[in-house]
Amino acid sequence: PLQAAERVDSRRAVVTLPPMLALLLATSFATSAAAAQPAGWERTLDRVVPAVVVLRVSAPRSFDTQIASSTTATGFVVDAEQGLILTNRHVVQPGPAVAEAVFLDHEEVELQAVYRDPVHDFGFFRYDPEAVRFMPPTALELAPDRARVGTEVRVVGNDAGEKLSILTGTLARLDRDAPVYGRNGYNDFNTFYLQAGSNTSGGSSGSPVVDRSGRVVALNAGGSSRAASSFYLPLDRVVRALDLIRAGEPVARGTLETTFLHRPFDEVRRLGLRPETEAATRRAFPNAVGMLVVGDIVPGGPADGVLEPGDVVLRMEGRPLMGFLPLESILDESVGMEIELEVERGGEPRQLHVRVGDLHAITPDEYLEVGGGVLHELSYQQARNHALPVRGVYVADPGFAFARADVPRGAVLTAIGGSPTPTLDAAETALAGFADGARVPVRYFRLGNPRTEQVSVLTVDRRWFHMQRCRRDDRLGTWPCVASAPPPAAEDPRATTVQLPSLGEGRLDRLARSLVLVRFHVPYLIDGVPGGRFLGAGLVVDAERGLVVTDRDTVPVSLGDATVSFAGSVELPARVVYLHPVHGLAVLRYDPALIGDTPVRSADLHVRDLSPGDEFWLVGLTPRDRIVSETTRISQVEAPELPLPRPPRFRETGLELVTVSDQPATVGGVLADGRGRVVALWASFSTQRGREAESVFAGIPSELVRDTVAPLREGRTPEWRSLEVELVPVPLAEARSRGLPEAAARLLEESDSGQRRVLSVRRRVAGSPAARLLREGDLLVSVNGQPVTRPREVERAVAGEKVRVRVVREGEELELDVPSVSLTGSGSTRALRWAGALLQAPHRALAAQRGAEPGGVYVSWAWFGSPASRYGLRATRRIVAVDGVPTPDLDAFLSGVADKGDRDSVRLKTVDLEGRVAVITLKLDLRYWPTVELLRSEDGWQRIDRSDSAS
């Protein structure tokens, strides 16, 4: 077998392509390509090309060896009357698929997947022949017997993103080992492959390999990335399957759960083949160069304990086996029956009996959707890849819930909540027995390390995502779903009292009683959040009310599940009650009654001026909920200018943060004085490093923490009024060069702040009054008659609905009345999952960082394998019209798409972050991507299903 450098063509093509690169077959390309061929081939290709189609396939769910994706490939008509198209298995997909075929004249028809072989790389789609109205296609004839070494062939398909490619090749081998595509992916076996030097690549998967007569001699399947070699699947078993499908009969497939290898005589001789056996074999088969040998045997399969690796196979049911074709013929005809095998084991002849299994029975054809993930029974493909029994529940996609529990894709679940899960039925029954939010231990192992079980705690999710069972129906070509049983009601939580450990230092013990570990999990990535899992420290600021303050790098949005952990002993759920709209503070609330008599105390916030050189304690938490502390000194107190993140998300501006000279590794904590009073919250801030998000730590002065939580302690919602500009300090020397009058400069120099700087407008928040009245570069001298040199001074002055500002613009002093804007602390409170895109109202960061005017519907995320991903509805775009009707908000958008049904087309006018306008079209897929609304109310977030998945 080749090494891992070989790969299935679709691996190069499994990307979501823009509509303009959807690779439609073009008549002009067909004509020019055919004309470039020799005369005999020109006539042949004129007959072949009309039968070849472009396949556009979306896999809406990860399943078995393949992940959710959108891809383009090739297929060709093999039965025009029944509308059957042949292509590769990895194109038809082992799991759900939504597919279309585009014919030569650009007619587009919907496809249904009717068969994918469990082992070999071929499958069939079906279309409605009456749907092709303008150019009824002809079918190509399959002729496996015409494949011979030296045969000149053409591969007619959609190669490397070209609309139509006709590649030349010559069959060099008919007995090549099946290519190996990787240990964790799909691999073909128990068949020979054909090899040629046509050098096909992505998009040509499923192309017909035709000879000069125009008959198909093989199916293009894969290629090598190390050489110009292409690998073709022989068609003998394809012809059998096609005949059965045409007749409406099932395609029986038998298996011994064993991999057979074809090995040359010199190797078989070393395995112990007797000389007389070799001589007899060579006489009976003069052209033979080797024999079949038993390779891998799946544990627990029919051949386990009967066959052994290295057995040389002589006969099956009395028929000599010199190749794979007679082997598979006998197995397919003997499903459920006992057959006789004659082998030589180390030179000793043996007669063995084994019962043939059903290959379809060990190929998963149903899945369970739960917590945004996909579970199904372990497939024969993966069991064979890793020498495992075909047993257990495979995590094809961990989704939200299992990723939260650190259970990865490719894990095999062995127990949930103490109940074994050998089957999908067992897993569904176990999960359905727990209430939403229940914390349940799960046992699993990774495919690469099956002998080591791991245990994680799963938080059962029945709130953010539905739970349903979906099973393949080849008559419909879909996977109808049935909702799982509703969860039981959650039990009333019980109070838990824990003892907090003593750290041997009074001040440290007092601080430790106020520090908690905060975990936050985001099921839907709104507001540009860079991930779904966050960990940080929180500070209890009101133990009676259960108020905890943390940073907005730990709790970036209000949509999610929050927990607070006390000394690593007890973890409680918490709710987001306030997100500071401008600065990096978030406030959570837990139920104090659930902590019992645990000695939690409110932190003592101490407001004081902080200056470089001041010495404090930095007391923080590690990711394992351990207290660490270190004496440190303040190195500077400055408002940092963090780079603009992409995509836009919350970014700290205008706040003087405290940095220190020495800091232990923590996820957050506090800066405290010698009496244990908190002078700053040691917080994390999200920033950008190239394309990646990263975090930096600094201290938020206690003054802002106190002012934020004071109204909440009184039962009021904090009110924050903003001038809606981003201010940066400019040295007075530079300001003078920019036209700052001397009188204004002296006023700032003599101000109480003592700062030798002036604030300059860096950015304006689009759509705000300030955006109309102020300009970038304005020098801000005073607010309401008071000179200002720090952003925090401006924030204190902006208390009313209107403020009077004095600015210098290009040397001219202006007095302006600028209305302030009241900002809420709720964050985004509504989102919509539509066509596989996550939609919301444009959040403030768009206007503040990119100058995007308010209005439209913002795309914050798109799921792979969805219509949004397939047709290019990218994140960070705004939808401003549907079918020509403006959509200024979510309600207008919902109204615009309300009458759209499954597979209906929608025309969207979009605007990107740079203001470029584009119009895209997409087809809805309400079966796999129903419309779901997420809405925050006083009772928390709720999911509203606006369109049900079809059954």
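Use the structure listed above.
Residues numbered from 1 in each chain as written. Predicted model: local features only at pLDDT ≥ 70, side-chain atom pairs only at ≥ 80, totals over all residues. Heavy atoms only, no water.

J.: Even after reading the chapter, I still don't get the overall build of the protein, so can you show me in this structure?
T.: From N to C terminus, the protein includes 20 helices and 60 strands. C-alpha extents for the protein along the principal axes are approximately 110 × 65 × 50 Å. In the protein, buried positions account for 58% of the 951 residues. A fraction of 66% describes how many contacts in the protein between residues 6 or more apart in sequence connect residues 24 or more apart. (Helix = DSSP H or I, 4+ residues; strand = E, 2+ residues; numbered from the N terminus. Buried < 20%, exposed > 50% of the residue type's maximum accessible area, 1.4 Å probe, protein only. Contact = heavy atoms within 4.5 Å.)

J.: It is not clear to me how the sheet that holds strand 37 (residues 585-590) should be interpreted in this structure. Could you clarify?
T.: Sheets are built from strands that pair by backbone hydrogen bonding, the pairs being arranged parallel or antiparallel. Strand order around the closed barrel formed by 6 strands is 32-33-34-37-36-35, with antiparallel pairing between neighbours. Between one strand axis and the next, the sheet turns through 40° on average, direction left out of account. Of the strand pairs in this sheet, strand 34 (residues 547-551) and strand 37 are connected by 5 bridges, and their pairing is antiparallel. Bridge pairing in strand 37 links Val549 to Val587. Contacts from helix 13 (residues 702-713) reach strand 33 (533-542), strand 34, strand 36 (570-579) and strand 37, with the element oriented near 35° to strand 37. (Pairing = 2+ DSSP bridges. Axes fitted to C-alpha atoms, helices over the stretch in contact; angles between N-to-C directions.)

J.: I would appreciate a short explanation of the sheet that holds strand 2 (residues 52-59) in the present structure.
T.: The 6 strands lie next to each other as 2-3-4-7-6-5, forming a closed barrel whose pairing is antiparallel. Sheet twist, expressed as the mean angle between neighbouring strand axes with direction ignored, is 40°. With 3 bridges joining them, strand 3 (residues 69-79) and strand 4 (residues 84-87) adopt antiparallel strand pairing. Considered in strand 4, the bridge of Phe76 is made with Leu86.

J.: Explain the packing of aromatic side chains here, please?
T.: Two aromatic rings are characterised by how far apart their centres lie and by the angle between their planes. Scanning the model with the defined rule gives 15 aromatic pairs in all. Look at Tyr367 and Trp479: their rings are 5.7 Å apart centre to centre, the planes differ by 40°, and that puts the pair in the tilted class. In this pair, Tyr367 is assigned in strand 23 (residues 366-370) and Trp479 in the loop between strand 30 (468-471) and strand 31 (481-483), connecting sequence segments 112 residues apart. Taking the relative accessible area as the measure of exposure, Tyr367 reaches 0% and is therefore buried. With centroids separated by 6.2 Å and ring planes inclined at 40°, the aromatic side chains of Phe400 and Phe465 adopt a geometry described as tilted. With Phe400 in helix 10 (residues 399-404) and Phe465 in the loop between strand 29 (449-459) and strand 30, this residue pair connects regions lying 65 residues apart in the sequence. (Phe/Tyr/Trp six-rings, centres within 6.5 Å; stacked < 30°, edge-to-face > 60°.)

J.: In this structure, what is going on with the state of the cysteines? I would like to understand it.
T.: Where two cysteines share a covalent bond between their sulfur atoms, that bond is called a disulfide. Summed over the entire model, instances satisfying the criterion amount to 1 disulfide. At a sulfur-sulfur separation of 2.1 Å, the disulfide partner of Cys470 is Cys481. Its S-S torsion of about 105° marks the bond between Cys470 and Cys481 as right-handed, since a negative value means left-handed. One end of the pair, Cys470, is in strand 30; the other, Cys481, is in strand 31, and 11 residues separate them in sequence. Residue classification places Cys470 among the buried positions, given a relative accessible area of 0%. Residue classification places Cys481 among the buried residues on the basis of a relative accessible area of 8%. (Disulfide = S-S within 2.5 Å.)

J.: What is the right way to look at the nonpolar core in this model?
T.: Burial of nonpolar side chains together is a common tendency in soluble globular proteins. Core analysis: the largest hydrophobic core is formed by 56 residues, its most contacted members being Val564, Phe566, Leu588 and Tyr590. Only strand 25 (393-397), strand 32 (515-521), strand 33, strand 35 (561-566), strand 36 and strand 37 provide two or more residues apiece to this core. In terms of residues, this core owes the most to one element, strand 36, which gives 5 residues. Setting aside chain neighbours within four positions, we find Phe566 in contact with Val516, Leu572, Tyr590, Ile595, Val600 and Asp625. Counting residues in each nonpolar core, the second largest holds 54 residues, with Val109, Tyr193, Leu233 and Leu242 among its members. (Core = buried A, V, L, I, M, F, W, Y, C linked by side-chain atoms within 4.5 Å.)

J.: Whenever I open this one, the environment of Arg176 confuses me. Can you help?
T.: In this fold, Arg176 is placed in strand 10 (residues 173-177). Since its relative accessible area comes to 6%, Arg176 is described here as buried. Note: C-alpha distance between Arg176 and Leu194 (18 residues apart in sequence) is 6.0 Å. Here the side chain of Arg176 touches Gln195 through a polar contact of 3.3 Å, side chain to side chain. (Polar contact = N/O pair within 3.5 Å; in protein donor to acceptor, adjacent residues only side chain to side chain.)

J.: Got a minute to help me understand unusual backbone geometry in this structure?
T.: Most peptide bonds take the trans form, and the phi angle of most residues other than glycine is negative. Note the cis peptide between Arg646 and Pro647, where omega equals 0°. Tracing the sequence through the fold places Pro647 in the loop between strand 39 (627-638) and strand 40 (657-660). At Glu257, a residue that is not glycine, the phi angle is positive and equals roughly 50°. Examined against the element boundaries, Glu257 turns out to sit in the loop between strand 15 (254-255) and strand 16 (258-264).

J.: Can you walk me through the pattern of salt bridges in this structure?
T.: Side-chain pairs of opposite charge can arise where the charged atoms are in close proximity. Evaluation of the coordinates by the stated rule reveals 81 salt bridges. A salt bridge links Asp175 to Arg173; its shortest N-O distance comes to 3.5 Å. Overall, Asp175 belongs to the partly exposed group, its relative accessible area being 33%. Look at Arg173 and you get partly exposed, because its relative accessible area is 38%. Residue Arg263 pairs with Glu267 through a salt bridge whose shortest N-O separation is 3.4 Å. (Salt bridge = Lys/Arg side-chain N within 4 Å of Asp/Glu carboxyl O.)

J.: Would you mind showing me how to read the side chain of His376 here?
T.: Relative to the helices and strands, His376 resides in strand 24 (residues 373-377). There is a polar contact of 2.8 Å between the side chain of His376 and the backbone nitrogen of Asp64. For His376, the residues in contact, after removing those within four places along its chain, are Phe63, Asp64, Pro364, Glu366, Tyr367, Gly392, Val393, Tyr394, Ala396 and Leu424.

J.: Help me understand the packing of helix 5 (residues 236-246) against helix 8 (residues 324-332), please; the structure alone is not making it clear to me.
T.: When two helices pack together, their arrangement is captured by the angle between the axes and the distance separating the axes. Interhelical geometry of helix 5 versus helix 8 gives an angle of 30° and a closest axis separation of 10 Å. Judged on the interaxial angle alone, helix 8 and helix 5 are roughly parallel. Of helix 8, the residues touching helix 5 (which contributes Asp236, Arg237 and Arg240) are Leu325, Glu328, Ser329 and Asp332. (Parallel < 35°, antiparallel > 145°, perpendicular 65-115°, else oblique.)

J.: In this structure, what is going on with the pairing of strand 39? I would like to understand it.
T.: Looking down a regular strand, the side chains alternate between one sheet face and the other. Pairing of strand 38 (residues 615-621) with strand 39, which is carried by 7 bridges, proceeds in the antiparallel orientation. Note on strand 39: the bridge partner recorded for Phe616 is Thr632. Between strand 38 and the antiparallel strand that follows it, strand 39, lie 5 residues; Asp625 among them carries a positive phi value of about 65°. When strand 39 meets strand 40, the two strands line up antiparallel, connected through 4 bridges. Counted as the bridge partner of Ile634 is Val660 from strand 40.

J.: What should I look at first to understand the environment of Arg443 in this one?
T.: Turning to its location among the elements, Arg443 is positioned in strand 28 (residues 439-446). Placed 391 residues apart in sequence, Arg443 and Trp834 show a C-alpha to C-alpha distance of 35 Å. With sequence-adjacent residues up to four places away left out, Arg443 is seen in contact with Val412, Leu413, Thr414, Ala415, Glu453, Gln454 and Val455. A polar atom in the side chain of Arg443 sits 3.2 Å from the side chain of Glu453.

J.: Would you mind showing me how to read helix 8 here?
T.: The element helix 8 is largely enclosed, with a buried count of 7 among its 9 residues. Turning to helix 8, its buried residues are Phe324, Leu327, Glu328, Ser329, Ile330, Leu331 and Asp332.

J.: Looking at this structure, how should I read the side chain of Asn385?
T.: The topology assignment puts Asn385 in helix 9 (residues 380-385). A residue is classified by how much of its surface remains accessible, and Asn385, at 15% relative accessible area, is buried. Among the polar contacts listed, one links the side chain of Asn385 to the side chain of Asn187, at a separation of 3.4 Å. In this structure the side chain of Asn385 is engaged in a polar contact, spanning 3.2 Å, whose partner is the side chain of Gln382. Apart from residues lying up to four places away in sequence, Asn385 is in contact with Arg183, Asn184, Gly185 and Asn187.

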